[in-house]
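Listed here are the chains, written in short residue letters.
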Amino acid sequence: MGITNSNKELNKDRIDCGGTFQVTLSLTAEPKITSKPVDVVLLLDRSESMAGSPLANLKSGA
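Just so you know, these numbers come straight off a predicted model, no measurement behind them. (Residues numbered from 1 in each chain as written. Predicted model: local features only at pLDDT ≥ 70, side-chain atom pairs only at ≥ 80, totals over all residues. Heavy atoms only, no water.)

1. Some details on the overall build of the protein
Counted only if it meets this: Labels follow the DSSP assignment, with helices taken as runs of H or I lasting at least four residues and strands as runs of E lasting at least two, numbered in each case from the N terminus. Whether a residue is buried, partly exposed or exposed follows from its accessible area with a 1.4 Å probe, protein chains only, as a fraction of its type maximum: under 20%, in between, or over 50%, in that order. Contacts: residue pairs with any heavy atoms within 4.5 Å of one another. Residue burial considers only the protein chains on display, and all accessible areas are found by Shrake-Rupley using a 1.4 Å probe.
A tally of regular secondary structure across the protein gives one helix and two strands. Split into buried and exposed, the 62 residues of the protein put 5% on the buried side. Restricting the contact set of the protein to residue pairs at least 6 apart, pairs at least 24 apart contribute 36%. Carbon and sulfur atoms make up 51% of the accessible area of the protein, which totals about 5,600 Å².

Spelled out as structure tokens, the structure:
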């Protein structure tokens, strides 16, 4: 039930502050997905090391 296969691809291993990157997320779902929806979560790092412009850039990218 729900998602049967998932795959993510990032185009960089490391992202410098102010840099950009691309994330491709592919999901394969059963036909019943409309009657039994699945949640997808994007987790953002809000730790102290992300204070200021890094967090603003992260939010903008999300």
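2. Brief notes about the environment of A29
As for its placement among the helices and strands, A29 is situated in strand 2 (residues 23-29). Residues A29 and T4, 25 residues apart in the sequence, show an inter-C-alpha distance of 5.3 Å.

3. Regarding the environment of S49
To be explicit about the condition: The definition of a polar contact used here is a pair of N or O atoms within 3.5 Å, where within protein one atom must be able to donate a hydrogen and the other to accept one, and adjacent residues in sequence count solely through side-chain atom pairs.
Summarising the element assignment, S49 is placed in the loop between strand 2 and helix 1 (53-61). Taking relative accessible area as the criterion, S49 reaches 60% and is therefore assigned exposed. In this structure the side chain of S49 is engaged in a polar contact, spanning 3.1 Å, whose partner is the side chain of S47.

4. Description of the confidence of the model for the protein
Threshold: As a per-residue quantity, pLDDT reports the predictor's confidence and falls between 0 and 100.
When pLDDT is averaged across the protein, the result is 77; 84% of the residues are at 70 or more. Of all helices and strands in the protein, the one with the weakest mean pLDDT is strand 1 (residues 3-10) (76), whereas helix 1 scores best (82).

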